[in-house]
Amino acid sequence: AISGGAGYVAAGIFGLASLTDWLDGYLARRRQQVTILGQLLDPIADKLLISAALVSLVQLDLAPAWMAAIIIGRELAVTGLRGIAQTRGLIMPASPLGKAKMMTEVIAILLLMLGQELGPALIRLGQLSLWVVLAFALWSAVEYYQTFTAILTGRAPASNSPSAESVPPAVTPPSPAVSSDSPRP
């Protein structure tokens, strides 16, 4: 267990990193400066941030190791699927369900970190939130797998699929990068 304000420091650093990650994506979309490199690297940065926090929480006995292993395993599997799609010239952007998973991860991790300073009620709420994270992780993993198989077979997911509405419609081939030296149309 951490004490002496270390939980506040950990939560502050993690919260700031999560906020800057969100702000970066928000500004890129708002300014229409989304790049292929950003689409590929941002999910990796998210996975590193979440994985490091989960491993730390397991070490502090605040999160079960089996749960962290499933969540991190899902992250690696989705990264692998995205990588294979990318080798075929396709980009699999984050789905709304995947974004919801990330949001619940941040909330659960912050609750667990702050619970070290503010008491067991927050720790219990954070541990309950981890179950929500696990559900989103598994559900979105299935969604990404469905999207991936649709790409490979050249067909869209079945319209009667419960997650068909949230499957990213923009699985697209990457467009040529525009350098800052190139004249814009």
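Keep in mind that this is a model prediction, so the values were computed, not measured.

Participant: Help me understand the pattern of salt bridges, please; the structure alone is not making it clear to me.
Facilitator: This structure, assessed with the given rule, holds 4 salt bridges. Taking the shortest distance from any N to any O, the salt bridge between E75 and R74 comes out at 3.2 Å. Take E75 and R74: they sit in the same class, and that class is buried. Across the salt bridge formed by K101 and E105, the nearest N and O atoms sit 3.0 Å from each other. One end of the pair is K101 and the other is E105, both in helix α4 (residues 96-118) and 4 residues apart, which spans about a single turn. Residue K101 is classed as buried on the basis of its relative accessible area, which comes to 4%.

Participant: What's the story with the environment of G12 in this structure? I'm lost.
Facilitator: Its place among the elements puts G12 in helix α1 (residues 6-30). Put simply, G12 and M113 are 101 residues apart on the chain and 9.3 Å apart in space, counted from C-alpha to C-alpha.

Participant: Where do I start with the environment of L111 in this structure?
Facilitator: Turning to its location among the elements, L111 is positioned in helix α4. Since its relative accessible area comes to 15%, L111 is described here as buried. Linking L111 and A121, residues 10 residues apart in sequence, is a C-alpha distance of 9.5 Å. Those residues in contact with L111, other than ones at most four positions away along the chain, are L122, I123, L125, G126 and S129.

Participant: How should I be thinking about the layout of surface pockets in this particular structure?
Facilitator: In this structure, the largest pocket encloses a volume near 980 Å³. The wall of the largest pocket is formed by 35 residues, among which D21, R29, D42, D46 and K99 lie closest to the centre. Per element, the largest residue contribution to the lining of the largest pocket is 9 residues, and it comes from α1. Taken together, the residues of the lining of the largest pocket sort by class into 15 nonpolar, 8 polar and 12 charged.

Participant: Explanation requested: the nonpolar core in the structure shown.
Facilitator: Note that soluble globular proteins tend to have their nonpolar side chains buried in a common cluster. Ranked by size, the top nonpolar core spans 23 residues in total, and within it F14, I50, L54, L57, I109, M113 and L130 carry the most contacts. Contributing elements (two or more residues each) for this core: α1, α2 (36-59), α3 (65-87), α4 and α5 (120-153). Of all the elements, α4 adds the most residues to this core, at 6 residues. The contact partners of I50, leaving out residues within four places of it in the chain, are F14, M102, E105, V106 and I109.

Participant: Explain the side chain of R74 to me, please; I cannot follow it from the model alone.
Facilitator: With respect to the helices and strands, the residue R74 is situated in helix α3. In this structure the side chain of R74 is engaged in a polar contact, spanning 3.4 Å, whose partner is the backbone oxygen of A137. Apart from residues no more than four positions distant in its own chain, R74 is found in contact with K47, G98, K101, A137, S140, A141 and Y144.

Participant: I would appreciate a short explanation of the confidence of the model for the protein chain in the present structure.
Facilitator: Parts of the prediction with low pLDDT should not have their coordinates interpreted in detail. Summing up the model confidence of the protein chain, the mean pLDDT is 81 and the portion of residues at 70 or higher is 81%. Residue range residues 157-185 is modelled with pLDDT below 50. Its contacts to residues more than four positions away, or to other chains, number 36 contacts.

Participant: What is the right way to read α3 from this model?
Facilitator: Note: α-helices contain 3.6 residues per turn, so residues at a spacing of three or four share the same orientation. The end-to-end C-alpha separation of α3 is 33 Å, in line with the 33 Å expected for 23 residues at 1.5 Å each. What α3 keeps buried is the set M67, A68, I71, I72, R74, E75, V78, L81, R82 and A85. G89 sits one or two positions beyond α3 and adopts a positive phi of about 80°.

Basis of the calculations
- Residues numbered from 1 in each chain as written.
- Predicted model: local features only at pLDDT ≥ 70, side-chain atom pairs only at ≥ 80, totals over all residues.
- Heavy atoms only, no water.
- Salt bridge = Lys/Arg side-chain N within 4 Å of Asp/Glu carboxyl O.
- Buried < 20%, exposed > 50% of the residue type's maximum accessible area, 1.4 Å probe, protein only.
- Helix = DSSP H or I, 4+ residues; strand = E, 2+ residues; numbered from the N terminus.
- Contact = heavy atoms within 4.5 Å.
- 1 Å grid on protein atoms, 1.4 Å probe; cavity = no way out; pocket = protein on both sides within 12 Å on 5 of 7 lines; lining within 4 Å.
- Points joined across faces, edges and corners; volume = space filled by probe spheres on them.
- Nonpolar A, V, L, I, M, F, W, Y, C, P; charged D, E, K, R; others polar.
- Core = buried A, V, L, I, M, F, W, Y, C linked by side-chain atoms within 4.5 Å.
- Polar contact = N/O pair within 3.5 Å; in protein donor to acceptor, adjacent residues only side chain to side chain.
- pLDDT = per-residue confidence, 0-100.
- Expected span 1.5 Å × (residues − 1).

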